[in-house]
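Notes for the structure review
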Amino acid sequence: LAPRVLELPHHGSALPRSIEFGVMSRPRVVLQSTGPSRLEDVRWSPLRDLGPAWYTSARQGWSWVEFHRDGRLRHGSMHP
């Protein structure tokens, strides 16, 4: 699999296999639905350090991704 967008497990649950899958996938966009207690969770640092656009509901509110037919991605959030 080579997902360009990855939604983290429920509330950003940082299980070792989830982190490994995220790092191996190298997504361009990550969506994380979680509360303030999991913002900047250091367990996700290996994935975060790869530099994908990272949207967290506790920080940016709702977020979105558009997949265009030509392969482009467009993404953003309620609070940039």
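Okay, so let's go over this structure.

1. Concerning the pattern of salt bridges
- Under the defined criterion, the tally for this structure stands at 5 salt bridges.
- The salt bridge partner of Arg74 is Glu66, with a shortest N-O separation of 3.1 Å.
- Given a relative accessible area of 43%, Arg74 falls into the partly exposed group.
- Residue Glu66 is classed as partly exposed on the basis of its relative accessible area of 30%.

2. Re the nonpolar core
- Leu6, Leu8, Ala14, Ile19, Val30, Trp44, Leu47 and Trp54 form the largest nonpolar core, which has 8 residues in total.
- Those residues in contact with Ala14, other than ones at most four positions away along the chain, are Ile19, Asp41, Arg43 and Trp44.

3. Overview of the sheet that holds strand S2 (residues 29-32)
- Within the open sheet, the 3 strands sit side by side as S1-S2-S3. Their pairing is parallel. Only two strands of the sheet have a single neighbouring strand rather than two, namely strand S1 (5-7) and strand S3 (53-56). Adjacent strand axes in the sheet meet at a mean angle of 15° when their direction is disregarded.
- Sheet analysis places S1 next to S2, joined by 3 bridges and oriented parallel. Paired with Leu6 across the two strands is Val30, which belongs to S2.

4. Overview of the pairing of S2
- Relative to S3, S2 is paired through 4 bridges, and the arrangement is parallel. Counted as the bridge partner of Val30 is Trp54 from S3.

5. Comments concerning the packing of aromatic side chains
- In the structure shown here, the tally under the stated rule is 0 aromatic pairs.
- The ring of Trp54 carries Arg48 above its face, with NZ or CZ at 4.6 Å from the centroid.

Cut-offs used in this document
- Residues numbered from 1 in each chain as written.
- Predicted model: local features only at pLDDT ≥ 70, side-chain atom pairs only at ≥ 80, totals over all residues.
- Heavy atoms only, no water.
- Salt bridge = Lys/Arg side-chain N within 4 Å of Asp/Glu carboxyl O.
- Buried < 20%, exposed > 50% of the residue type's maximum accessible area, 1.4 Å probe, protein only.
- Core = buried A, V, L, I, M, F, W, Y, C linked by side-chain atoms within 4.5 Å.
- Contact = heavy atoms within 4.5 Å.
- Pairing = 2+ DSSP bridges.
- Helix = DSSP H or I, 4+ residues; strand = E, 2+ residues; numbered from the N terminus.
- Axes fitted to C-alpha atoms, helices over the stretch in contact; angles between N-to-C directions.
- Phe/Tyr/Trp six-rings, centres within 6.5 Å; stacked < 30°, edge-to-face > 60°.
- Lys NZ or Arg CZ within 6 Å of the ring centre and 35° of its normal.

Take it as geometry only, folks, not as evidence of what the structure does.
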